[in-house]
Amino acid sequence: MISIRKRKNETIIIQNFKNSYFFTFSSVIGAYCILNFLSILRVDINITYKVFFIWFSIPVIIWLRKSYKNEKLILRVFIIVNDKKLTIKTQEMRKSKKDKIIFLKDIKEIVLENDKRKAFNLILKLKNGTEDKTISTDWYASELRIIKKIILEHKRKGGEV
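Within each chain, residues carry numbers counting from 1 in the order of the written sequence. Owing to the predicted nature of the model, reporting of local features is limited to residues with pLDDT of at least 70; listing and counting of side-chain atom pairs is limited to 80 or more, with chain, interface and lining totals taken over all residues. As a convention, hydrogens and water are excluded, and side-chain values are obtained from all of the structure's heavy atoms.

A. Representation of the pattern of salt bridges. Salt bridges are counted wherever a side-chain nitrogen of Lys or Arg sits within 4 Å of a carboxyl oxygen of Asp or Glu. What the rule picks out here adds up to 3 salt bridges. Between E113 and K133 there is a salt bridge, with the nearest N and O atoms lying 4.0 Å from each other. Placement of E113 in strand β6 (residues 107-114) and of K133 in strand β8 (residues 131-137) is noted, with a sequence separation of 20 residues between them. Note on conventions: DSSP H or I runs of at least 4 residues are helices, E runs of at least 2 residues are strands, and numbering of each starts at the N terminus.

Structure representation (structure tokens):
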């Protein structure tokens, strides 16, 4: 999910990833609901399967919670674009922030790429041969197309002045 705030000479884009990490929690709860629904329909599901599922899912949820806290999972990406530079700030799970500043005149090409894990990356190819893959999304590339359009728009404005 992205949020775009436009000002006179700059655009602030906020990518929020909080909801995407809780997919596993909702799938565990959904599986338990399906078991309950089948038992309401008189499908013969033994109570031991339900008890096993509950006692199996509790340690899985605890393990996932610990791993989410210990890993450096990105929660938000702040992208600030003005006519001269692109600033990328990432906020991770432990509240640490990383800043990258890229001048728009150094960007040679902006490419959308499909990753092996079904994620989409916005690759900024710079003139010195390096690539930046900080901006990404999980399921669809429409957000990345909007971000690419905004970056190219500001790059054109910076070239005219």
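Next comes the rest of the account.
B. Examining the sheet that holds β6 more closely. Two strands are counted as paired when DSSP detects at least two bridges linking them. Strands sit in the order β6-β7-β8 across an open sheet of 3 strands; the sheet is antiparallel. Strands with a single pairing partner mark the edges of an open sheet, and in this sheet they are β6 and β8. When strand polarity is set aside, the average angle formed by the axes of neighbouring strands in this sheet is 20 degrees. By the bridge criterion, 7 bridges tie β6 to strand β7 (residues 120-126) in an arrangement that is antiparallel. Among the inter-strand pairings, E109 is bridged to a residue of β7, identified as K125. Only C-alpha atoms enter the line fits that serve as axes; for helices the fit covers just the stretch in contact. Angles between N-to-C directions range over 0 to 180 degrees.

C. Representation of the environment of L152. Mapped onto the elements, L152 comes out in helix α3 (residues 142-160). Classification of L152 as partly exposed rests on a relative accessible area of 31%. Sequence separation between L152 and L104 is 48 residues, and the spatial gap between their C-alpha atoms is 8.8 Å. Note on exposure labels: buried denotes an accessible area under 20% of the residue type's maximum, exposed denotes more than 50%, and partly exposed covers the range between, all computed with a 1.4 Å probe on protein chains only.

D. Structural context of the side chain of T11. The topology assignment puts T11 in strand β2 (residues 10-16). Of the polar contacts made by the side chain of T11, one reaches the side chain of H154; its length is 2.7 Å. Beyond its immediate stretch of four places on either side in the chain, T11 contacts I4, R5, K6, I79, I80, V81, I150 and H154. In the analysis that follows, any N or O atom pair within 3.5 Å is treated as a polar contact, provided that within protein one partner can donate a hydrogen and the other can accept it, and provided that, for residues neighboring in sequence, both atoms belong to side chains. Here, residues are in contact when the closest pair of their heavy atoms is within 4.5 Å.

E. Fine view of the sheet that holds strand β3 (residues 74-82). The strand order across the open sheet built from 5 strands is β1-β2-β3-β4-β5, with neighbouring strands paired in antiparallel fashion. The open sheet has two free edges, formed respectively by β1 (2-6) and β5 (97-103), since each of these has just one partner strand. Across the sheet, the axes of successive neighbouring strands diverge by a mean angle of 15 degrees, strand direction being ignored. As paired elements, strand β4 (residues 85-92) and β5 share 7 bridges and run antiparallel to each other. Across the sheet, residue T90 finds its bridge partner in β5, namely K98.

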